[in-house]
Amino acid sequence: MSYQKVKGTQDLFEQLALKYRYVEQVMTSMIKKFGYREIITPIFENTDVFVRGVGDDTDIVKKEMYTFKDKSDRSITLRPEGTAAVVRSFLENKMYASSNLTKLFYFGPMFRYERPQAGRFRQFNQFGIEAFGDSSPLLDADVINSAYQIIKRLGINNITLKINTIGDFSSREKYALALKKYFQPEISNFCSDCQSRLERNPLRILDCKVDQDQPLVKNAPKIADYLTIEAKEYFNKVLETLDSLKIRYEITPTLVRGLDYYTDTVFEFVINSQDETNNLTLCGGGKYSDLIKSFNGPDLPGIGYAFGIERLIYVLDTQNLLPSLDLNADVVIIGLDDKAKTASLQLANLLRTNGYTCELDYKNTNMKPQFKVAENKKARFIIIIGEEEQQNNSYTIKNTFTKAQISIPQSGIIKYLEENLL
Ligand code: AMP
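Cut-offs and rules
Residues numbered from 1 in each chain as written. Predicted model: local features only at pLDDT ≥ 70, side-chain atom pairs only at ≥ 80, totals over all residues. Heavy atoms only, no water. Near = heavy atom within 4 Å. Polar contact = N/O pair within 3.5 Å; in protein donor to acceptor, adjacent residues only side chain to side chain. Areas by Shrake-Rupley, 256 points an atom, 1.4 Å probe, with all protein chains shown as cover. Nonpolar A, V, L, I, M, F, W, Y, C, P; charged D, E, K, R; others polar. Core = buried A, V, L, I, M, F, W, Y, C linked by side-chain atoms within 4.5 Å. Buried < 20%, exposed > 50% of the residue type's maximum accessible area, 1.4 Å probe, protein only. Helix = DSSP H or I, 4+ residues; strand = E, 2+ residues; numbered from the N terminus. Contact = heavy atoms within 4.5 Å. Pairing = 2+ DSSP bridges.

Novice: When you look at the site of the ligand in this model, what are you seeing that I'm missing?
Specialist: As a structural note, the neighbourhood of the ligand is formed by R112, E114, G119, R120, F121, F124, Q126, R257, T281, G308 and R311. Here an oxygen atom of the ligand sits 2.8 Å away from a polar atom, N or O, in the side chain of R112. Burial of the ligand by the surrounding chains reaches 90%, relative to a free accessible area of 490 Å². Partitioned by chemical class, the residues of the shell around the ligand number 2 nonpolar, 4 polar and 5 charged.

Structure (structure tokens):
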């Protein structure tokens, strides 16, 4: 029997693993500059956390969760997204008690039982942030700015910020009623999901992947006509702040986002290019006023977003934006007899603990296979230890770029590398 990975999962190794860590490093170092601190929650939670946090009417909860009973008959779910678990932890650890504004980021795997296709996996990775406790258009703009700065730092220029407001609760209620009335007569022409959305959350009809191109969706009433004065003012202030930060945006009235908990500002960063990455959403998020309260917590607002890492790497690859990432060795050591092999390992240890990447062949004492290792590892320097070197307490060191080869005393090796390995 041969073993295979589970459908919709992937192994990250060699270049792909390097790309993953590169993206993680760029994102996390930038977000720390914005004052966010890392949170690492468990990969699985009690199922209720996601049913409550994501919404039982969403595709995620209805169709996509990996839910199972543990041996004590508890219902457990592998996390399908980050926000609900972070809210659970924020409340359970009473983080609100020590600060008026809590800024958290996470990076890690999520699980959704979706149909695997290009860029869609059943285990994928997200980077996301959540800011809890404050409601301010300035905070909204700064959250959006942090995603924008990450995108810029990664070198992506052809990006469009799509933004909308779905208003506060009273705006949303009025708008939902208007949509219900509007879609009702024609609802039988929509997909079965939209038919059930009509009663429970008609805003999500606007977001439906199946029906999004229907003229009826395109011509549906617009939220802008149902906003309360406060919601309008709030949104205008967000836009003004983005203007002041010189971040361009497109107001997109049909943008409502898939998850139930959003209120007011919602946004997405979408690629806008000539190649196959055109129209891909890199990052999506928004404000949620009610989520923390719905977990029986204090009445505190939150705002956040998530990036899909696989998609980000795909875009960076397609647009040639990844720096050269390699696992090359600084030095490969060649030992020509058994004693030299032990000396090689000691020298490797010295070099590694001084900060150099160093490799060696553990078994062979012949030149040929050891030179092969140096070639595979694209070593910058090859150090040779043979009988003569051991007698003279010296090393032969070869620069693989210039091909120059010299003999240096053992005590001078670190200094030599310091001066020559740029
Ligand atoms: P969401 O949590 O649905 O708003 O998704 C945020 C981002 O996560 C999306 O823009 C995608 O890039 C990524 N994402 C969501 N689902 C998947 C999946 N099944 N496979 C890969 N990436 C995904």
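Novice: What exactly am I supposed to notice about the nonpolar core here?
Specialist: Where a protein is soluble and globular, its nonpolar side chains tend to be buried together. Judged by nonpolar contacts, the single largest core of 50 residues is most densely connected at F132, F183 and L206. Within the residue set of this core, elements represented by two or more residues are α2 (47-54), α3 (59-64), α4 (83-92), β5 (102-111), β6 (123-132), α6 (169-183), α7 (192-200) and α10 (291-294). Looking at which element gives the most residues to this core, the answer is α4, with 6 residues. Apart from the residues within four sequence positions on either side, L206 is in contact with Y175, L179, F183, V217, A220, T254 and V256. Counting 49 residues, the second largest nonpolar core, distinct from the first, contains F34, F107, I156 and I271.

Novice: I'm lost on the pairing of strand β3 (residues 66-69) in this one. Help?
Specialist: A regular strand places its side chains so that they alternate between the two faces of the sheet. As defined by bridge partners, β3 adjoins strand β4 (residues 75-78) across 4 bridges and the pair is classed as antiparallel. Each residue of the ladder has a partner; that of Y66, found in β4, is L78.

Novice: Is there a simple way to explain the environment of N393 in this structure?
Specialist: Take N393: it is sitting in the loop between α14 (387-392) and β15 (394-399). The exposure class of N393 is partly exposed, given its relative accessible area of 47%. Residues N393 and S411, spaced 18 residues apart in sequence, show a C-alpha to C-alpha distance of 8.6 Å. Among residues more than four places away in sequence, those in contact with N393 are P409 and Q410.

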